[in-house]
Amino acid sequence: MKVLNKPTMTMGIGLLCSLFSMQSQAFTFEWRPAEMYEQEPTTFHWNVPGAKNCYQKGSTSPRAPFGTSGPYRYNESIYTTQWYCKDVNGNRMPGSGYYEATRKVVKHPIKRTFAWSPSSVNVGEPTTFYWNIENVAACYKDGTGSNRGTSGSSGPWAYTNPGTATTRWSCIDNIGNYHWYTAERTVVTAPVSLPTNPKVQILDIAGNDQKDNHVFETGRQFQVRMSANGTVDSYELTEEKRGIIQNSSANVYTNMITNSGEHCYKVRAKNLSGYSVYSPAVCKQFDNSGYNGIHYKQYFSASQQAIKYSGNFATYTAKHRPLAIYDASKNKTFFTYGSGIGEESTSESTKRTLGIFVGCFDHVTDELCVPKVVTVKGMNADGRIGSIVDDPHDNAALLIDQSGYLWVYVSGRSRMREMEVYKSESPHDHSKFVNVTDDEFKELMDTRERMMSYPQPWLVEYEEKLQKVLIHNQYTNGRELYIKLPGQKSTKLVSGGHYAVSHAKGKRLVVAYNSHGLGNSNPAHVDSRSNLYFMESNDGGKTWMNSNGMSLDSKFPLVTDSDDTRIMRYFFAENDPKNWYIYLKDIKINIDGTINVLYVASKSADPTNTSARRELVLATKSDSGWFFNTVRTDINHNYSTGFVADGGKRIVFPVYKPGTNKQQFAGGTVYIGTFKNSSWGWSELTACQYPGQNHNYVRDVINGKPDFEFFWGQADGEFKANSPKLDMYYFDGSDARVMPYEMHSSSPGLIGCLH
């Protein structure tokens, strides 16, 4: 509204009339309706007699003293609108505090289960009533009596008289509305003889029977074959751990077990007269096969001609960290990796879904433990694979807490999949994990806040005790950098797209990152990554400073290209030949307090441009500032990945070796570099090397011991039909050992090749 310096009499009278009109109306400040279900419309109404302008809490933009806003549609939430107003003399209304109006949005009730099972039985046969109604507060039989709870079961019951009965309940939702549900059960008299002698057999996918002591491999398909004497219309197959898993006329059930342990099956046959008795249970032992990775590839352009990266992604990415931790109390190294679940195939069109595994190395026996699957991406509630998720960006990171429990942070991806958190059931033990996502992220009520990627969990000294903090990315505007502190929501550290590596020791937490949004680049264009930035915390992530000790807390979130944290400029202008692209590999806090950052600087964002110059750079921060040392100039690929150790005196990195590796793919032959007498010396690590195979994503162990110091994967980037398997390796202090590809008991790694 434009205000004139000399208002006319007409405008003055109009204003007075308008104010008089408002003052004559009743005070209004409310949402209509104030309670509703998700995505139902609600409108905000306000009228503050005597006010000239009103202001939303925290805002200086004036609003009219009356009006409406909406309608709006919200997801589940409780929100209070807070305003204050000023009259024509500038007096605050109310004198203190705010006008407040609260809206409550709840989820629609969802009937998951409200049924008798089975719904039809013969006279004298058992049936059980199950109910599970979500998003309600209480349920009542026939709408009266005591609260039966929102889920549960009643029975089994057996009835002597045939007929149909209706169960009728009411449930009250979270805003006081009642909802009625009904379920029928039918009891019939069997007209024919029941089936007899039901049996089950557990066979391999080809239909071959196995010995009773045969151990099936998890992730491989198998079948259960059912039979019975007499007339059979259908079979009801039950697995003891999951209940009924199939009820159909088919006498063969095909499945893929994804969790290890003993699985037992029994069946009962059905005809018009009802169900037979259950067969004796048949049990088989399922176990994880061994150590192997997952193949994946991504193209650099939409034309799908140039492969951006590919190969064995068991230990991908460098921004998932840490992957391995030495547990001194048990003298074991625990590590996580991604592996393909499903039938192996030499055809790229037959993909395997990603399984998140935890393995371990026993330093006393010098043996690898049998790995255990933590979770399987794309797995439905019935244990079958619903959709293939083969993207290793969903790999996990590992943390061991002060009590010895193992925590596995499984990465989400973009805005498609949430991060999940799993905790070992027992300390110092990887045999079984429990999903604790809701407990760990209870502060994050909005599903979108759980869309976290590139997990970097650390156990730090925070507020005088050891607690978990999580460095991660969220896809809020490109891949933006966040931290989640104990008991708090995630805090954005830097705006715009970034990749980061971090490391923690005691109270100290350090982060190095690059930027995706420089020049005219969109932050979502990750291939524009450049520049090098650094910040650190000396109180477990509570407060932050730059390399010079200047506080950054008042500046969060930092701008994309922050002068405060930039330690090396590699981007100068669009298409400037002086530009370099930066690919972060590792960061370490050393015993003497210095910091090492390892990264690849490339003249091309296209990793298949083999003529582009690429350098392996080690940046070191000491009391005298930053020092940048180019340690190799023969890096063949932007995504070749290794690590720095021993206070910056040792680097392990895969490098292309002509005649052995394929130059257009990431990785190569693993080399160990040692800094001595003011220069770097490099030695080749001898490992199984198939023609055209590349080793890559070499990852070290936090507080690692020499006999299991680092581990990695090997594969053919093209994944041809005759490609060898996706082997994994570890370094025992002197040799590269290949991990057993299949195993059902503890086993040492082998020096030599498996194939």
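Model, not experiment: these values are computed from the prediction.

Q: Whenever I open this one, the overall build of the protein confuses me. Can you help?
A: Each helix and strand in the protein was counted, giving two helices and 55 strands. Counting over 755 residues, the protein shows a buried share of 51%. For the protein, long-range pairs separated by at least 24 residues make up 56% of all intrachain contacts whose partners lie at least 6 apart in sequence. Summed over its atoms, the accessible surface of the protein is roughly 33,200 Å², and 48% of this surface lies on carbon and sulfur atoms.

Q: Sorry, what's going on with the pattern of salt bridges here?
A: Think of it this way: side chains of opposite charge can pair up when their charged atoms draw near. One pass over the full model with this rule turns up 28 salt bridges. The partner of Arg-321 in a salt bridge is Asp-586, with the nearest N and O atoms 2.6 Å apart. With Arg-321 in the loop between strand 26 (307–312) and strand 27 (324–327) and Asp-586 in strand 44 (residues 581–589), this residue pair connects regions lying 265 residues apart in the sequence. In this structure, Arg-321 and Asp-586 share a single accessibility class: buried. Overlapping salt bridges, with partners in common, bring together Arg-321, Asp-586, Lys-588 and Asp-700 in one network.

Q: Could you clarify how one ought to interpret the layout of surface pockets in this entry?
A: If you roll a probe as big as a water molecule over the atoms, it shows you where there is empty space left. Computed from the structure, the largest pocket encloses a volume of approximately 980 Å³. Taken together, 41 residues line the largest pocket, and the ones lying closest to its centre are His-503, Val-701, Ile-702, Asn-703 and Gly-704. In terms of residue count, strand 52 (residues 694–705) provides more of the lining of the largest pocket than any other element does, six residues in total. Looking at side-chain class alone, the lining of the largest pocket contains 20 nonpolar, 11 polar and 10 charged residues.

Q: Teacher, can you tell me more about the environment of Leu-470 here?
A: Inspection of the secondary structure puts Leu-470 in strand 37 (residues 465–474). Linking Leu-470 and Gly-541, residues 71 residues apart in sequence, is a C-alpha distance of 9.5 Å. Not counting the four nearest positions on each side in its chain, Leu-470 is found in contact with Tyr-409, Met-419, Phe-441, Met-452, Pro-455, Gln-456, Pro-457, Tyr-482, Ile-483 and Lys-484.

Q: What is the right way to look at the packing of aromatic side chains in this model?
A: The geometry of an aromatic ring pair is captured by two quantities: the separation of the ring centres and the angle between the planes. All chains considered together, the criterion is met by 51 aromatic pairs. On the numbers, 5.4 Å between centres and 55° between planes, the contact of Phe-361 with Tyr-730 is tilted. Within this pair, whereas Phe-361 is found in strand 29 (residues 353–362), its partner Tyr-730 is found in strand 54 (residues 728–731), the two being separated by 369 residues in sequence. Looking at Phe-361, the relative accessible area reads 0%, which means it is buried. By relative accessible area, Tyr-730 is classed as buried at 0%. The ring of Tyr-55 is capped by Lys-86, whose NZ or CZ atom sits 5.9 Å from the centre of that ring. Over the ring of Trp-116 we find Arg-185; its NZ or CZ atom is 4.7 Å from the centre of that ring.

Q: Explain empty space enclosed by the protein to me, please; I cannot follow it from the model alone.
A: In the structure shown here, the tally under the stated rule is three cavities of 30 Å³ or more. In this model, the largest cavity occupies a volume close to 100 Å³. Contributing to the lining of the largest cavity are 14 residues, with Arg-321, Pro-322, Asp-586, Arg-699 and Asp-700 lying nearest its centre. Secondary-structure elements contributing two or more residues to the lining of the largest cavity are strand 44 and strand 52. With four residues, strand 52 is the largest single contributor of residues to the lining of the largest cavity. The residue inventory of the lining of the largest cavity, partitioned by class, reads six nonpolar, two polar and six charged.

Q: Even after reading the chapter, I still don't get the state of the cysteines, so can you show me in this structure?
A: By definition, a disulfide links two cysteine residues through a covalent bond between their sulfur atoms. Inspection of the entire model under this criterion finds four disulfides. Disulfide pairing is shown between Cys-54 and Cys-85; the S-S distance is 2.1 Å. Every disulfide takes its handedness from the sign of the S-S torsion; for Cys-54 and Cys-85 that torsion is 95°, giving right-handed. Here the residue Cys-54 occupies a position in strand 4 (residues 53–56), and Cys-85 occupies one in strand 6 (residues 77–86), the gap between them amounting to 31 residues. An identical accessibility class is assigned to Cys-54 and Cys-85; each is buried. One disulfide in the model links Cys-360 with Cys-369; its S-S distance is 1.9 Å. Where Cys-360 bonds to Cys-369 through sulfur, the torsion about that S-S bond is close to -90°, and the disulfide is left-handed. In this structure, Cys-360 and Cys-369 share a single accessibility class: buried.

The rules behind each value
Residues numbered from 1 in each chain as written. Predicted model: local features only at pLDDT ≥ 70, side-chain atom pairs only at ≥ 80, totals over all residues. Heavy atoms only, no water. Helix = DSSP H or I, 4+ residues; strand = E, 2+ residues; numbered from the N terminus. Buried < 20%, exposed > 50% of the residue type's maximum accessible area, 1.4 Å probe, protein only. Contact = heavy atoms within 4.5 Å. Areas by Shrake-Rupley, 256 points an atom, 1.4 Å probe, with all protein chains shown as cover. Salt bridge = Lys/Arg side-chain N within 4 Å of Asp/Glu carboxyl O. 1 Å grid on protein atoms, 1.4 Å probe; cavity = no way out; pocket = protein on both sides within 12 Å on 5 of 7 lines; lining within 4 Å. Points joined across faces, edges and corners; volume = space filled by probe spheres on them. Nonpolar A, V, L, I, M, F, W, Y, C, P; charged D, E, K, R; others polar. Phe/Tyr/Trp six-rings, centres within 6.5 Å; stacked < 30°, edge-to-face > 60°. Lys NZ or Arg CZ within 6 Å of the ring centre and 35° of its normal. Disulfide = S-S within 2.5 Å.

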